[in-house]
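# Close look at the chain arrangement
Listed below, chain by chain, are the residues.
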Amino acid sequence: MTTATATGNRERESLGEFLLRAPAVGPALALIVAIVVFSLATDTFFDLDNLSTVVQQSLVVGTLALGQTLIILIAGIDLSNASSMVVATLVMAKLAAAGSNGWFALVVGVILTVVVGLFIGTLATRIKLPAFIITLGTFTGLTAVAKLIAGGQAVPVTDGLLQWLGTKRYLFGGIPITYGMTLALIMFLAVWYALTKTAWGKHVYAVGNAPESARLSGIKVGRTVISVYVVAGVCFGIAAWQALGRTPNADPNQFQLGNLDSITAVVLGGTSLFGGRGSVLGTLFGALVVAVLRSGLTQMGVDGNYQDLATGALLIVAVVVDRIARRGQQS
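Each residue is numbered by its place in its chain's sequence as written, counting from 1. Restriction of local features to residues with pLDDT of at least 70 applies here, the model being predicted, together with a cutoff of 80 or more for giving and counting side-chain atom pairs; totals for whole chains, interfaces and linings are based on all residues. Derived side-chain values reflect all non-hydrogen atoms in the structure, with water molecules and hydrogen atoms excluded from consideration.

## Observations concerning the overall build of the protein
Each helix is a run of DSSP H or I of at least 4 residues and each strand a run of E of at least 2, with the numbering of both proceeding from the N terminus. The helix and strand inventory of the protein stands at 14 helices and 4 strands. Its C-alpha atoms give the protein a radius of gyration of 20 Å, near enough to 20 Å, the size a compact globule of 331 residues would have. Only protein chains enter the accessibility calculation, which uses a 1.4 Å probe. A residue is then buried if its area is under 20% of the maximum for its type, exposed if over 50%, and partly exposed in between. Every one of the 331 residues in the protein was classed for burial, and the buried ones make up 47%. Here, two residues are considered to be in contact whenever any of their heavy atoms come within 4.5 Å of each other. In the protein, once contacts between residues fewer than 6 apart in sequence are set aside, the share between residues at least 24 apart is 76%. Only carbon and sulfur atoms are counted for the fraction: they give 67% of the accessible area of the protein, which is about 16,000 Å². For the protein, the distance from the average site of its 20 positive side-chain charges to the average site of its 14 negative ones is 13 Å. The globule rule used for comparison is 2.2 Å times the number of residues to the exponent 0.38, while the radius of gyration itself is calculated over C-alpha atoms. With residues, only the protein chains shown are counted as cover, and all accessible areas are computed by Shrake-Rupley using a 1.4 Å probe. In this tally, Lys and Arg are treated as positive and Asp and Glu as negative; His is ignored, and so are the chain termini. For this purpose, a charge sits on NZ of Lys, CZ of Arg, CG of Asp or CD of Glu.

## A short note on the environment of Leu106
With respect to the helices and strands, Leu106 occurs in helix α5 (residues 102-126). Leu106 gets classed as buried once you look at its relative accessible area, which sits at 6%. Considering only alpha carbons, one finds Leu106 and Leu161, 55 residues apart in sequence, at a separation of 8.6 Å. With sequence-adjacent residues up to four places away left out, Leu106 is seen in contact with Met92, Leu161, Leu162 and Trp241.

## Comments concerning unusual backbone geometry
Of note in the backbone geometry, Ala75 takes a positive phi value of approximately 65 degrees without being a glycine. Its place among the elements puts Ala75 in the loop between α3 (48-73) and α4 (81-97).

## Focus: helix α9 (residues 199-209)
Looking at α9, one finds that the buried residues are Gly201, Val204, Tyr205, Val207 and Gly208. With its buried residues spanning 160 degrees around the axis, α9 presents them on a single face. Looking at the packing, one finds that the buried side of α9 touches α3, α8 (179-197), α10 (211-216) and α11 (221-246). Directions pointing from the helix axis toward each C-beta atom define the arc.

## Quick look at the packing of aromatic side chains
Think of a pair of aromatic rings as described by two things: how far the centres are apart, and how the planes are tilted against each other in angle. Here is the rule: rings of Phe, Tyr and Trp (six-membered ring for Trp) pair when centre to centre is within 6.5 Å. Planes less than 30 degrees apart are stacked, more than 60 are edge-to-face, and the remainder are tilted. This structure, assessed with the given rule, holds 4 aromatic pairs. The rings of Trp103, Trp164, Tyr179 and Trp241 are connected pair by pair, giving a single aromatic cluster.

## Details of the pattern of salt bridges
Salt bridges are defined as contacts in which a side-chain nitrogen from Lys or Arg sits within 4 Å of a carboxyl oxygen from Asp or Glu. Tallied over the entire structure, the rule returns 3 salt bridges. Put simply, Asp261, Arg294 and Asp308 are held in one network by salt bridges that share partners.

## Here's the deal with the nonpolar core
Only buried residues count toward a nonpolar core, which is a set of Ala, Val, Leu, Ile, Met, Phe, Trp, Tyr and Cys residues joined through side-chain atoms within 4.5 Å. Ranked by size, the top nonpolar core spans 82 residues in total, and within it Met92, Leu162 and Leu195 carry the most contacts. Considering each element in turn, this core owes the most residues, 13 residues, to α11. Not counting residues up to four positions away in its chain, the partners in contact with Leu162 are Met92, Ala96, Gly102, Ala105, Leu106, Val157, Trp241, Leu244 and Gly245.

## Thoughts on the packing of α3 against α11
To get an axis, fit a line to the C-alpha atoms, keeping to the stretch in contact for a helix; angles then go from 0 to 180 degrees between the N-to-C directions. Across the interface, α3 lies against α11 with an axial gap of 8 Å and an inter-helix angle of 175 degrees. The pairing of α3 with α11 is recorded here as roughly antiparallel in orientation. Of the residues in α11, those in contact with Gln56, Gln57, Leu59, Val60, Thr63, Leu64, Leu66, Gly67, Gln68, Leu70 and Ile71 of α3 are Val228, Tyr229, Val231, Ala232, Cys235, Phe236, Ile238, Ala239, Gln242, Ala243 and Arg246. Class assignment for the residues of the contact of α3 with α11 results in 15 nonpolar, 6 polar and 1 charged. Each angle is binned into one of four classes, with values under 35 degrees roughly parallel, values over 145 roughly antiparallel, values of 65 to 115 roughly perpendicular, and all other values oblique. Any residue that is not Ala, Val, Leu, Ile, Met, Phe, Trp, Tyr, Cys, Pro, Asp, Glu, Lys or Arg is counted as polar, Gly included; the first ten are nonpolar and the last four charged.

## Notes on the environment of Val321
Inspection of the secondary structure puts Val321 in helix α14 (residues 304-330). Given the relative accessible area of 51%, Val321 is considered exposed. Sequence separation between Val321 and Ala265 is 56 residues; the distance between their C-alpha atoms is 14 Å.

## Points about a nonpolar patch on the surface
A cluster of nonpolar residues, Leu29, Ile32, Val36 and Leu40, forms a patch on the protein surface that exposes about 420 Å² of accessible area. Along the chain, the position of Ile32 falls in helix α2 (residues 25-41). Distance thresholds for patches are 9 Å for like charges and 5 Å for nonpolar side chains (Val, Leu, Ile, Met, Phe, Trp, Tyr), applied to residues having over 30% relative accessible area and no salt bridge.

Listed below in structure tokens is the structure:
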């Protein structure tokens, strides 16, 4: 019995170590299970047009989650990413409506989200304020700014460039895709390369694992943290462009739960809230899981409030699993 127990423990440890080394495996399996369940539960889910729509619905949250992944990898958090994105959509739409060039409006919107990221990163590193408090305050302020800019009304977007990411094409003559999908794929690949193939990526993981050890090894921790928030700001600016491609209206009431959905996607994707572990591939799967869950439940006629409840429950489960995995790794 003792030998059998020891063998079983070794097998469990090996499985745990495997999941820690490959955090994207869990969300990939969850995505497959969700697709199978909803395909069996509905007649319309497993359809090329519907699957394409699901992917399109995941683009904004997925792009927000991409930036959020970088922040959570350094054991930070950004509760203001969606509100920053919404303000950027309104600024872009207002500038375009005033006759500005579409490229100018787009660049101004991205600069805005980058400045917000720089502001958060500077406060987190120079004044040593907790990222949670900084971004909670930023979230509240930006939400108010969005409503003030909009004046209580959605702003229609007529500029072709700002809507361009929503343009649909057909791959192999039958698979519907948009330019937004292509851009999102390029962004995920670029961030994956930066995290896995560059010194900057190694510094990001090192800072998330043990900031003091990273500092003693010569890594400029403050500079790395600020750079992460700035790069994440670029992602949030692109998410604003994605949002205008999906819906040609800038609305201050859109994406009210975008910050939580992005965190959910990141955590479901296997990135640890405690920093230092995770991957953009896992985040991609996590964003798709969130989109599949919402689409599938909608097609089953489930009320939106219960969809939010299910998403929240998934987030709690993912955090609990991450905590247990961390304890197993430390023991």
